[in-house]
Each structure stands twice: as C-alpha cells, then as structure tokens.
Amino acid sequence: CMANTLCSVIALPRVLYRMAGDGLLPTWFKEVSPTTKVPVIGVVVTGVVMALFTGMSDFTALLTVTSMASLLVYNFVCVAKLLLRDPSALKPVGIYTTASFA
C-alpha cells in the first residue's frame, strides 16, 4: 500500500503539468526546471499537500483512503476501457428506448 502512495506522489506533478497544458489549471503548473525538466511547482505543491495530510491524519486511515481511492480509479479505468471498446454500450436499453420523456 505504501508503494501505491509513493506512485501517486510521483505521478501527481505530471498530471498537474498536463492539466495546466490543457488549460484546466493555472499556467504556473506548466513551468519546468530548465536543468532537470521536472515540473518543480507541481512537485512542491504535491509535497506540501501530502505532508499536511500525513501530519494531520491517522496513518491507518490515510492508508485506507488511499486503498479505496485506488480501487475506485481502477474501476473507472475498467469501465472507460469497456465503453471505448464498445461505444454502443452508452445507448439506453430496455424500456428507455421506447418510452418518451417529453
């Protein structure tokens, strides 16, 4: 479970960087260090937030929340993969195709 938390901490600055590139976050998350090519602001913000959460909460509760969030994300990815594989799965089935809601 600690490996999962470590991977989340390592991946989050890159996610913030990409979201800033798409315009979903402020552009200062897009700034990259010229020497290391790492999004430094994202790393610092992620580290501070994780340190605050770790310092203010019970460790076992934090691990439980991390495990639950990982399972939730895994389920989202599985459903998204199924929907991308078969887009017709988004169409309503059963009584919803014949009933009118107008």
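Residues numbered from 1 in each chain as written. Predicted model: local features only at pLDDT ≥ 70, side-chain atom pairs only at ≥ 80, totals over all residues. Heavy atoms only, no water.

### A closer look at the overall build of the protein
Summing up its helical and strand segments, the protein has three helices and zero strands in all. Reading the secondary structure of the protein in the N-to-C direction produces α-α-α. In the protein, which comprises 102 residues, the proportion classed as buried is 10%. Put simply, of all contacts in the protein between residues at least 6 apart along the chain, 43% involve residues at least 24 apart. Accessible surface for the protein amounts to roughly 8,100 Å². Of this, 74% is attributable to carbon and sulfur atoms. (Helix = DSSP H or I, 4+ residues; strand = E, 2+ residues; numbered from the N terminus. Buried < 20%, exposed > 50% of the residue type's maximum accessible area, 1.4 Å probe, protein only. Contact = heavy atoms within 4.5 Å. Areas by Shrake-Rupley, 256 points an atom, 1.4 Å probe, with all protein chains shown as cover.)

### Overview of the packing of aromatic side chains
Note on aromatic pairs: each is described by the distance of the centres and the angle between the planes. Counted by the stated rule, this structure contains one aromatic pair. Look at Trp28 and Phe29: their rings are 4.4 Å apart centre to centre, the planes differ by 25°, and that puts the pair in the stacked class. Here Trp28 falls in the partly exposed class, since its relative accessible area comes to 40%. (Phe/Tyr/Trp six-rings, centres within 6.5 Å; stacked < 30°, edge-to-face > 60°.)

### With respect to the pattern of salt bridges
Opposite charge on two side chains lets them pair, provided their charged atoms get close. Within the structure shown, the criterion is met by one salt bridge. Note that Asp22 is salt-bridged to Arg18, the shortest N-O span being 3.0 Å. (Salt bridge = Lys/Arg side-chain N within 4 Å of Asp/Glu carboxyl O.)

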